[in-house]
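What follows is each chain in one-letter form.
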Amino acid sequence: MNLNKECVVELSGAAVYHSTDPYKELTAKNYRKIGERVLDNVNMKVYSGQIVYLIGRVGSGKSSLLKTLYGELPLFEGSGKVAGIDLKRLKRSKLPVLRRNMGIVFQELQVLSEVNVYENLAFVLRATGWSDNGDIGTRVDEVLRQVGLENQQHKFPFELSGGECQRLMIARALLNRPKIILADEPTGNLDPVTAESIIKLFHSIATTGTAVIMATHNTTLIESYPARTMLFSKGEVKEVEFDD
């Protein structure tokens, strides 16, 4: 069923490490000494418009895999590509090239607290090469409508609810029309009703062709909004069958 869809993530035989200083020495031999191997033989293909849940206990490697996909942790074993970019050959100086093709949503709010919603998003666009104020305004309006914050653009982050803050993070991730969004426990700090609205938003985003890979502990929402699910356990990653 993926014949006409783009493969945006491809991992084959990948080993994932965790390290507090991943770029200290960029060789596999030395990295093995300073890093902890958390996952072996990871094989995964994700296509445009798909949602993939990552589930498993704390420390099972979900966040480490996401960090490998967005270049925070280097890939030395196996092969991997994200949006056509070879992770194994990726240098730290080229991380911006990789990240222009993706949006990243964290559990913690990561915005500029001293400016309003509109300026938070406009700042990101300017930092990524947008210069025309009219184009910037149009794009900010588009993503705010997409996430349901079109009436909140003049508010400051401290004036937003928890769910609105997370929607702001998602809006920021969408700004440059990414091929993939990586989300690490995006509903972890939210009440059940708000968490459900965020999951529904991600499913809506996927219908536009953007792939979503989401680490989550919320199995109740997975049952209510099923999609591909990868289980992390004992250093391995296995797909669990759920009906789409």
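Remember, it's a predicted structure, so these values are computed and weren't measured experimentally.

Asks: Just checking my understanding: could you explain the confidence of the model for the protein chain for this structure?
Replies: Low-pLDDT stretches of the model should not have their predicted coordinates read in fine detail. Of all residues in the protein chain, 91% attain a pLDDT of 70 or more, and the chain-wide mean is 89. Confidence, expressed as mean pLDDT per element, reaches its minimum in the protein chain at helix H1 (residues 28-34) with 55 and its maximum at strand E8 (residues 211-215) with 97.

Asks: Mind showing me how you'd approach the nonpolar core here?
Replies: The tendency in soluble globular proteins is for nonpolar side chains to be buried side by side. Counting 76 residues, the largest nonpolar core has Val9, Leu54, Val82, Ile170, Ile180, Phe202 and Ile213 as the members making the most contacts within it. Contact partners of Ile170, with chain neighbours within four places excluded, come to Val105, Val147, Ile198, Leu201, Phe202 and Ile205.

Asks: What is the right way to look at the environment of Pro178 in this model?
Replies: Considering the arrangement of structural elements, one finds Pro178 in the loop between helix H6 (162-174) and strand E7 (180-184). Once residues lying within four places of it in the same chain are set aside, the contact partners of Pro178 are Asn101, Met102, Gly103, Ala173 and Thr210.

Asks: Looking at this structure, I do not really get helix H4 (residues 117-127). What am I missing?
Replies: Each α-helix turn comprises 3.6 residues. Residues three or four places apart therefore point the same way. Buried within H4 we find Val117, Tyr118, Asn120, Leu121, Ala122, Val124 and Leu125. Among the structural elements, helix H5 (133-147) and H6 are those in contact with the buried residues of H4. With a side-chain oxygen lying 3.2 Å from the backbone nitrogen of Tyr118, the N-terminal cap of H4 falls on Asn116. Of the residues trailing H4, Gly129 is marked for its positive phi of about 105°.

What counts and how
- Residues numbered from 1 in each chain as written.
- Predicted model: local features only at pLDDT ≥ 70, side-chain atom pairs only at ≥ 80, totals over all residues.
- Heavy atoms only, no water.
- pLDDT = per-residue confidence, 0-100.
- Helix = DSSP H or I, 4+ residues; strand = E, 2+ residues; numbered from the N terminus.
- Core = buried A, V, L, I, M, F, W, Y, C linked by side-chain atoms within 4.5 Å.
- Buried < 20%, exposed > 50% of the residue type's maximum accessible area, 1.4 Å probe, protein only.
- Contact = heavy atoms within 4.5 Å.
- Polar contact = N/O pair within 3.5 Å; in protein donor to acceptor, adjacent residues only side chain to side chain.

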